[in-house]
Each structure stands twice: as C-alpha cells, then as structure tokens.
Amino acid sequence: MGILDGKVALVTGAGRGIGREHALMMASEGAKVVVNDLGGDTSGAGADTTPAQEVVAEIEAMGGEAVVNGGNVAKFDEAGAMIQQAVDTFGDINIVVNNAGILRDRMLFSMSEDDWDAVIAVHLKGTYAPSHHAAKYWREKAKAGEDVYGRIINTASPSGIYGNVGQTNYGAAKAGIASFSVIAAQELVKYGVTVNCLAPTAWSRMTADLMGGDAAPEGLAEKISPRWIAVITTWLASPEAHNVTGRVFDIRGDQLGIAEGWHLGPVATQTDDPGDLGPVVAELMSKARLNANMGGVDHEGPGFPGRSI
Ligand code: NAI
C-alpha cells in the first residue's frame, strides 16, 4: 500500500530535476501521473518531449501508470488540456503540482521586456492556469454532490520570498506564487482542497552552475538532491495532510522548515507634516525585524534594504 494509492496527479515540468522526483516518488506511492514537460532549455527556448517520455518509461518500469503531456503551462488552454487528460486517462484529477520553471536572470537595468514576460508567464500564469482548471473541476464535482479529493502544491523559491539580486522577474513571480497559494488555500478550503507551496533549494540543471558546478563542494549534489523536495510534496498530497493548507515550506536537503508570511510589525502614529516623520520612522526601523537573507534569517549585513543604511 502506498500513501497515494488510487490518486491521480499532474506534475508540471516533470521531465527533469525536482519535477521528475515528484513524479517518481508519487508514482512509487501509488499515484497515476500525468508527466507534463515542454522540454525546452533553462531559458525556456525550444521543446522536446523526450525527458517526459523517459520519466513515464521509468514509472512504467516500476509497475506504475503514467502518461506524457508536452503542453506549455503558460498557455491557458494547454493547461486545461492537462487536467482533461488526467480525467480522460485515469478518471479523475486529485493532485496538481505546479513545478515548471525557467530562469532569465538580469539586473533590472538590463532586463528586457521579453525576459520579464517569459519568466512571469511560465511561473505565475503557469501556476494559475492548471490550478484554475483543476479548481473549476473540483467545484463542479462538489456542486454535483460528488466527493472531492484535491491538493495543489506550488513552487516558489527563496529568491522570491527572501529576495535575491538579479532576479526581479523570477523573484516577483515566485513571491506572487507564495501569495497565490495563501489566497487559493482560503478560497478552496470549503471544498476540502488544500493549497501549499514549496520554496526549494536543490541541485538541478537550473542551479548546478550557480552552486559551483564541477567545483562545488564534494557531496553537495547528493546532500541537496531534488529527491528531498519530493518527500514533503508527496506527503502534502496524501490524506494525512488534509488539514495543512496555505503554508510555504522551505526545504534544503533534509532540513524542512516553514517560511512565515508577512506580518504587521511595529506601528506608530503618523505626523501630519512629512518633515516631522523622520524620527517616527527611525523608531519603527529600530523596532522592526530585519528582512531575511537567502538563508531565511535576519540579514545583519550593512546597507541591506530593510534597515537604516
Ligand atoms: P529544471 O530546469 O531541472 O526543471 C524545470 C522543468 O520545467 C524542465 O524540465 C522544463 O522543461 C520544464 N518547463 C519549463 N517551462 C515549461 C513550460 N512552459 N511548460 C511545461 N514545462 C516547462 O529546474 P528545477 O530546479 O527542477 O526547477 C523546478 C522548479 O523549482 C522551478 O519552478 C524552479 O523555479 C523551482 N526552484 C528550484 C530551485 C532549485 O534550487 N533547483 C530553487 C528554487 C525554486
């Protein structure tokens, strides 16, 4: 018996990296999987269904059931077709893992409109579109008096929720995905559907070079294997996780944490005159918690936005 026996999952961007591990682990726990992957390069150029086909073959070799989907998550109708393919092939859709992603890192002054639009489309619209079609399906099922089992698991990033230089496009999309998850969780709770979000750190083609490539410390690739991201994802998709929703999990190897959302910090009374506001803001700044660094902890360095510089 697996913890996902009888469940049907869609994993986007499942041909490689983290998505591949999600698909393999969920299949090993009994889920039937639609393995979506457009198969382009890290910047989003090109298309090739070979990686998705290989993952489907791996699942079938272990005795599981899976099908290839080569659609683009950023295209509304293609996202709808992914949900429909799950229903037509396996009779239902229960789990949607929005994982597909690309990178176009640039400093703000060098970032082209295309770099902005492409990253926002794949991540932000590519999370909304499959989620929308699945949520619509679940709501219609609930209205028809049928049982609904629904899980959405989205993928943010430490870059989005904490902030990383060179990634205004990617970070804005990822922070948006974290907020999207919190709000969608509130909207879908009455249907028994949970929505959670991951902020992973893992060795993949997207990050290997950024982490040192061949010169990376020995054992790092294994220590932060993308397999670790699949463990919490598979659990969140399971029946035991029915009461966990609206959370963002920060995962680094075997370290599993919860990233806490924005909260109102210290408050003060504004002065009428902006010329008198300086001391009020200075006091607030001295009381407020610092912004986090990429480790997710208070950024103590000098000149960091969020403290007096
Ligand atoms: P990856 O590059 O190995 O895998 C991403 C997959 O998404 C690729 O197979 C690609 O073909 C697919 N894809 C890209 N655009 C697509 C589209 N429009 N439609 C369908 N599929 C598409 O990268 P990795 O590292 O596995 O990333 C997975 C997710 O995790 C991404 O959302 C990424 O931003 C996120 N992430 C990864 C981190 C890491 O440390 N590896 C850190 C933070 C976030």
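Summary of the structure given here. (Residues numbered from 1 in each chain as written. Predicted model: local features only at pLDDT ≥ 70, side-chain atom pairs only at ≥ 80, totals over all residues. Heavy atoms only, no water.)

### Some details on the packing of helix 4 (residues 113-143) against helix 6 (residues 168-188)
In a pair of packed helices, the angle between the axes and the distance between the axes together describe the arrangement. Keep this limit in mind: Fitted lines through C-alpha atoms give the axes, limited to the stretch in contact for helices. The angle between two N-to-C directions lies from 0 to 180 degrees. Runs of E in the DSSP output that reach at least two residues are strands. Runs of H or I that reach at least four are helices, and both are numbered from the N terminus. In these notes the angle categories are as follows: under 35 degrees is roughly parallel, over 145 is roughly antiparallel, 65 to 115 is roughly perpendicular, and the rest is oblique. Crossing handedness is read from the near helix: turned anticlockwise from the far helix by less than a right angle, it gives a left-handed crossing, and turned clockwise, a right-handed one. Note on contacts: a residue pair qualifies if any of its non-hydrogen atoms lie within 4.5 Å across the two residues. Gly falls in the polar group here, along with every residue not listed as nonpolar (Ala, Val, Leu, Ile, Met, Phe, Trp, Tyr, Cys, Pro) or charged (Asp, Glu, Lys, Arg).
Where helix 4 meets helix 6, the axes come as close as 8 Å, and the angle between the chain directions of the two elements is 15 degrees. In terms of orientation, helix 4 and helix 6 fall into the roughly parallel class. Note that helix 4 runs across helix 6; the crossing there is right-handed. In this structure, helix 4 contributes Asp115, Trp116, Val119, Ile120, His123, Leu124, Thr127, Tyr128, Ser131 and Ala135 to the contact, and helix 6 contributes Thr168, Asn169, Tyr170, Ala172, Ala173, Lys174, Gly176, Ile177, Phe180 and Leu188. The class makeup of the residues in the contact of helix 4 with helix 6 is 12 nonpolar, six polar and two charged.

### Quick notes on the pattern of salt bridges
Here is the rule: Definition used for salt bridges: Asp or Glu carboxyl oxygen within 4 Å of a side-chain nitrogen of Lys or Arg. Each residue is assigned to one of three classes by its accessible area relative to the maximum for its type, calculated with a 1.4 Å probe on protein chains only: buried under 20%, partly exposed between the two thresholds, exposed over 50%.
The tally for this structure, following the rule as stated, stands at nine salt bridges. Among the salt bridges present, the one from lysine 141 reaches aspartate 92, with a minimum N-O distance of 3.1 Å. In this pair, lysine 141 is assigned in helix 4 and aspartate 92 in the loop between helix 3 (76-90) and strand 4 (95-97), connecting sequence segments 49 residues apart. With respect to burial, lysine 141 and aspartate 92 carry one shared label: buried. When salt bridges that share partners are traced, they join Arg104, Arg106, Asp114 and Asp115 into one network.

### What to know about the sheet that holds strand 1 (residues 8-11)
We count it as follows: Any two strands between which DSSP finds at least two bridges are classified as paired.
Strand order in the open sheet formed by eight strands is 3-2-1-4-5-6-7-8, and the pairing between neighbours is mixed. Of all the strands in the sheet, just strand 3 (66-69) and strand 8 (255-259) have a single pairing partner and so form its edges. Strand-to-strand, the axes of this sheet are offset by a mean angle of 20 degrees, without reference to chain direction. Bridge count between strand 7 (residues 248-252) and strand 8: five bridges; the pairing is antiparallel. Bridge pairing links isoleucine 251 to leucine 256 in strand 8. Across the sheet, helix 2 (residues 50-61) is in contact with strand 2 (32-36) and strand 3; its angle to strand 3 comes to roughly 175 degrees. Strands strand 1, strand 4 and strand 5 (151-155) of the sheet are contacted by helix 4, whose axis makes an angle of about 175 degrees with strand 5.

### Comments concerning empty space enclosed by the protein
Counted only if it meets this: Throughout, the protein atoms alone are placed on a 1 Å grid, and a set of points is a cavity if a 1.4 Å probe fits but cannot get out or a pocket if it is open with protein on both sides within 12 Å along at least five of seven lines; lining residues have an atom within 4 Å of a point. Grid points are joined across faces, edges and corners, and a volume is the space filled by probe spheres set on the points.
As enumerated under the stated definition, the model contains one cavity of 30 Å³ or more in all. If you add up the space inside the largest cavity, you get close to 40 Å³. Every residue along the wall of the largest cavity is listed here: Thr12, Asn98, Asn99, Ala100, Val122, His123, Gly126, Thr127, Thr155, Lys174 and Ile177. Sorting the residues of the lining of the largest cavity by element identifies helix 4 and helix 6 as the ones contributing at least two each. Looking at the lining of the largest cavity, the element that brings in the most residues is helix 4, giving four residues.

### Regarding the pairing of strand 5
In terms of residue burial, strand 5 counts as a mostly covered element, since five of its five residues are buried. The alternating pattern of strand 5 places Arg151, Ile153 and Thr155 and Ile152 and Asn154 on opposite faces, both of which are buried. In the sheet, strand 4 pairs with strand 5 via three bridges, with the strands oriented parallel. By the bridge assignment for strand 5, isoleucine 95 is matched with arginine 151. Looking at chain direction, strand 5 and strand 6 (residues 194-201) are connected through five bridges and run parallel. Among the inter-strand pairings, isoleucine 153 is bridged to a residue of strand 6, identified as asparagine 196.

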